[in-house]
Amino acid sequence: MQHETDDDIAPGILPALAQAAEEFTSWRRTLHAMPETAFEEQRTSAYVAARLASFGLPIHRGLAGTGLVATLQGARGAGPAIGLRADMDALDIHEATNLPWRSDTPGKMHACGHDGHMTMLLAAARHLSADPDFAGTVHFIFQPAEENEGGARVMVEQGLFDLFPMQAVYGLHNWPNAPFGTFLGRPGPMFAAFDIFEVKVIGRGAHAAMPQRGIDPVLTASLVVAQLQSIVARAVSPQEAAVVTVTQIHGGDTWNVIPDEVVLRGTARTFTKEVRDLVEQRFRAVVEGVCAAQGARAEIRYERRYPALVNHGAEFAHALDAARLTAGAGAGAVVADFEPIMAAEDFAYMLEKAPGAYLCLASGPGANLHNAHYDFNDALLPVGASYWVNLVHSLLRPAA
Ligand SMILES: [Zn+2]
Ligand SMILES: [Zn+2]
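Residues numbered from 1 in each chain as written. Chains lettered and ligands numbered in written order. Predicted model: local features only at pLDDT ≥ 70, side-chain atom pairs only at ≥ 80, totals over all residues. Heavy atoms only, no water.

Turning our attention to the overall build of the chain. For the chain, the helix and strand inventory stands at 11 helices and 16 strands. Counting every position in the chain, which comprises 400 residues, the buried fraction comes to 54%. Pairs at least 24 apart in sequence give 82% of the contacts found in the chain among residues at least 6 apart. As presented, the chain carries roughly 16800 Å² of accessible surface, and 52% of it is formed by carbon and sulfur atoms. Looking at the chain, you have 29 positive and 44 negative side-chain charges, and the mean spots of the two groups are 6 Å apart. (Helix = DSSP H or I, 4+ residues; strand = E, 2+ residues; numbered from the N terminus. Buried < 20%, exposed > 50% of the residue type's maximum accessible area, 1.4 Å probe, protein only. Contact = heavy atoms within 4.5 Å. Areas by Shrake-Rupley, 256 points an atom, 1.4 Å probe, with all protein chains shown as cover. Lys, Arg positive; Asp, Glu negative; His and termini not counted. Charge placed at Lys NZ, Arg CZ, Asp CG, Glu CD.)

Take a look at the structure:
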């Protein structure tokens, strides 16, 4: 698959980074070819560590297993410390491209561009190491297990912000199918909180022709699915966003038997703590109420996964400044009122503990994230790396 590139984005792309684009591309493709999923990023971690060591950076390994933090002191004296974070993991997807650098592991693939995220941060780390013309400290954070398993939470629990105190932390994600080189973000909630649920509806099996002798969990589960839709429609304010989706119904084996039980599974997405609490509370009440009305019983497992990703106001403004510097002043180069996304992102855990901001960087037309035909657009590498360098230079300016 060929990517669109755009030769005249560039006002804020650092020439040294633009000139090294081919080298960055080869790093990215090396990482792409060796995808590893949650907490198993051994080869990836070794590769990143070797690169960071070649820049002369001290490296802390072992946070959340395969996670790494490399630290660079500015040459212009004391100043604040900031963290820049890239995720490292791949997905359980069988790559469908025929690219020479396609996955070497059947069933696993870098389909979310984390290979590109690591490369952009490595490129910035090399550039800044060669010329640490700033005052303060930069921590380059390489985080495992962004997909599903919350590697960011584990890094935080294992002391990320105690071992490496920092005033702010920043993240970046590529974003296909928006104009190439555009930075996208919003202050406040940007990605949704993500919860999962499983409900066992327990009735009493019976002959299908004699339903009066049983308690029908199939009918009860159907009523539950329908009634759950009243939560978003009637309990959540029309001004707020929420989703409750049942994605699985399992029960029954044959034509003429009412089974003992039916299992429902699904997910809920929300943006604020209040709505998240409300949805869980209404969820339990609806499931228990509907089941009780049918004489059935409910066993509910409701698990809170990632919190909502909430950008902090001041740090979001700083991130936008660096984005504008990088993208230039062209119309559409920076979108500061990006529509919130119902998907989840575990950088949210870091933003719960430290101020910071997360932006998306548009990669132009191509396959979407989590698609078997996806490939990170290498033309984005010098753009993302320049953003990181511009962010460091604008946040860690030496006192005049
Ligand atoms: Zn993803
Ligand atoms: Zn991702």
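The subject of this paragraph is the sheet that holds strand β8 (residues 193–202). A sheet is described by the order of its strands in space; here four strands give the open sequence β10-β12-β8-β13, paired in antiparallel fashion. Strands at the two margins of the open sheet, each flanked by one partner only, are β10 (242–251) and β13 (297–304). Direction aside, neighbouring strands of the sheet carry axes that sit 15° apart on average. Its contacts with the sheet put helix α7 (residues 217–235) on β8, β10 and β12 (261–270), and the angle it makes with β10 is roughly 170°. On top of the sheet, helix α8 (residues 273–293) reaches β8, β10, β12 and β13; it is set at about 165° to β13, its chief contact. (Pairing = 2+ DSSP bridges. Axes fitted to C-alpha atoms, helices over the stretch in contact; angles between N-to-C directions.)

On to the packing of α7 against α8. Two elements in contact, α7 and α8, have axes separated by 9 Å at closest approach and are oriented at 145°. Crossing of α7 against α8: the hand is right-handed. From α7, T220, L223, V224, Q227, L228, I231 and A235 reach across to α8, where they touch L278, V279, R282, F283, V286, V287, V290 and C291. Residue composition of the contact of α7 with α8, by class: 12 nonpolar, two polar and one charged. (Left-handed = near helix turned anticlockwise from the far one by under 90°. Nonpolar A, V, L, I, M, F, W, Y, C, P; charged D, E, K, R; others polar.)

Moving on, we get to the coordination of the zinc ion (ligand 1). The textbook angles at a metal center are 109.5 degrees for a tetrahedron of four donors and 90 or 180 degrees for an octahedron of six. Taken together, the protein donors to the zinc ion (ligand 1) comprise C112 (SG), E147 (OE) and H370 (NE2), at separations of 2.0 to 2.3 Å. As a motif over one chain, the donors of the zinc ion (ligand 1) read C-x34-E-x222-H. Its relative accessible area of 10% is what places E147 among the buried residues. On the accessibility criterion, H370 (41% relative accessible area) is partly exposed. (Donors = N, O, S within 2.8 Å, 3.2 Å for Na, K, Ca; no water.)

Evaluated as defined, the whole model comprises zero disulfides. Free of any disulfide, C360 has its nearest neighbouring cysteine sulfur in C112, separated by 9.8 Å. (Disulfide = S-S within 2.5 Å.)

Moving on: the environment of S54. Position of S54 among the secondary structure elements: in helix α3 (residues 42–54). Counting along the chain gives 15 residues from S54 to V69, while the straight-line C-alpha distance between them is 15 Å.

According to UniProt, the feature "domain: Peptidase M20 dimerisation" (unreviewed entry) maps to residues 197–288 in the numbering used here. Taken end to end, residues 197–288 comprises 38% helix and 33% strand; its first and last C-alpha atoms sit 14 Å apart. (UniProt positions renumbered as here; feature names shortened; annotations may be inferred.)

We now examine the layout of surface pockets. Empty space among the atoms becomes apparent when a probe as large as a water molecule is rolled across them. Taken as a whole, the largest pocket encloses approximately 360 Å³ of empty space. Split into classes, the residues belonging to the lining of the largest pocket amount to 11 nonpolar, three polar and four charged. (1 Å grid on protein atoms, 1.4 Å probe; cavity = no way out; pocket = protein on both sides within 12 Å on 5 of 7 lines; lining within 4 Å. Points joined across faces, edges and corners; volume = space filled by probe spheres on them.)

Here we come to helix α2 (residues 21–33). For an α-helix the count is 3.6 residues per turn, leaving residues at separations of three or four pointing the same way. In this model α2 runs 18 Å from its N-terminal to its C-terminal C-alpha over 13 residues, within 8% of the 18 Å that 1.5 Å per residue would give. The elements touched by buried residues of α2 are α1 (15–19), α3, α4 (114–130) and α11 (381–395). (Expected span 1.5 Å × (residues − 1).)

Turning next to the nonpolar core. Soluble globular proteins tend to bury their nonpolar side chains together. Within the largest apolar cluster, 66 residues are counted, with the highest numbers of intra-cluster contacts made by L52, L84, F140, F142, F183, Y387 and W388. Ranked by size, the runner-up nonpolar core spans 34 residues in total, among them A64, F164, Y349 and M350. (Core = buried A, V, L, I, M, F, W, Y, C linked by side-chain atoms within 4.5 Å.)

As a further point, take the packing of aromatic side chains. Applying the stated rule across the entire model yields 13 aromatic pairs. Note on W175 and F338: the rings are 5.7 Å apart at their centroids and 90° apart in plane angle, and the pair reads as edge-to-face. Of the two residues, W175 is situated in strand β5 (residues 168–175) and F338 in the loop between β15 (334–335) and α10 (347–353); the sequence distance between them amounts to 163 residues. For F338, a relative accessible area of 12% puts it in the buried group. Taking the centre distance of 6.3 Å and the plane angle of 20° together, the rings of F197 and Y302 count as stacked. (Phe/Tyr/Trp six-rings, centres within 6.5 Å; stacked < 30°, edge-to-face > 60°.)

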